[in-house]
Amino acid sequence: VFTAAKKKLPVIGLMIHDIGLSKHDLTTIASPTLVIVGKKDVIKLTHTLMIVHQLPHATFVLVPKQGHRLAQTDAENFNREVVAFLGGEKNDYP
């Protein structure tokens, strides 16, 4: 049990420590940026949207019925969104 918890420490650290990016820092990112989250994500949607609104070239995708691990639990949809973003397409969910 303790070994499994130790492996998760770096991820937990990201959740509780500020990584040092300010809102201003986000506004200086000139590259197109995909922000993709699950509707049931543990990260509050308001926090995600704050990030999206600071990024000048952000594409926001909210995937229904998915959580924080959507790349693992719904790899097909996640990959489709990434490929569409890289190819300049847009997918719509019902």
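Quick summary incoming for the structure in this document. (Residues numbered from 1 in each chain as written. Predicted model: local features only at pLDDT ≥ 70, side-chain atom pairs only at ≥ 80, totals over all residues. Heavy atoms only, no water.)

Section: the overall build of the protein chain
Within the protein chain one finds 5 helices and 2 strands. Secondary structure elements of the protein chain occur, N-terminal to C-terminal, as α-α-β-α-β-α-α. For the protein chain, the residues scored as buried account for 20% of the 94 residues in total. For the protein chain, the proportion of contacts with a sequence separation of at least 24, taken over those separated by at least 6, is 69%. A total accessible area of about 7,300 Å² is found for the protein chain, and carbon and sulfur atoms account for 61% of it. (Helix = DSSP H or I, 4+ residues; strand = E, 2+ residues; numbered from the N terminus. Buried < 20%, exposed > 50% of the residue type's maximum accessible area, 1.4 Å probe, protein only. Contact = heavy atoms within 4.5 Å. Areas by Shrake-Rupley, 256 points an atom, 1.4 Å probe, with all protein chains shown as cover.)

Some remarks on unusual backbone geometry
Phi at Lys 65 takes a positive value of approximately 60 degrees, unusual for a residue other than glycine. Mapped onto the elements of the fold, Lys 65 is located in the loop between β2 (58–63) and α4 (70–73).

Details of helix α5 (residues 75–87)
End to end, α5 covers 18 Å across 13 residues, agreeing with the expected 18 Å (1.5 Å per residue, within 8%). Inspection of α5 places Asn 77, Glu 81 and Ala 84 among the buried residues, and these make up the whole buried set. Projection of α5 onto a plane perpendicular to its axis shows the buried side chains occupying an angular sector of 65 degrees, all on one side. When the buried face of α5 is taken as reference, the exposed residues oriented beyond 90 degrees from it are Glu 76, Val 83, Leu 86 and Gly 87. Residues of α5 that are buried in the fold lie against β1 (33–38) and β2. Gly 88 sits one or two positions beyond α5 and adopts a positive phi of about 80 degrees. (Expected span 1.5 Å × (residues − 1). Arc of directions from axis to C-beta.)

Re the side chain of Thr 48
Inspection of the secondary structure puts Thr 48 in helix α3 (residues 45–54). For Thr 48, a relative accessible area of 7% puts it in the buried group. Ignoring anything within four residues of it in the chain, the contact list for Thr 48 reads Val 35, Val 37, Ile 43 and Phe 60.

Things to note about the side chain of Gln 66
For Gln 66, the location among the structural elements is in the loop between β2 and α4. Judged by relative accessible area, Gln 66 falls into the buried class, the value being 13%. Each residue touching Gln 66, except ones within four places of it in the same chain, is listed here: Gly 38, Lys 39, Lys 40, Asp 41, Thr 73 and Asp 74.

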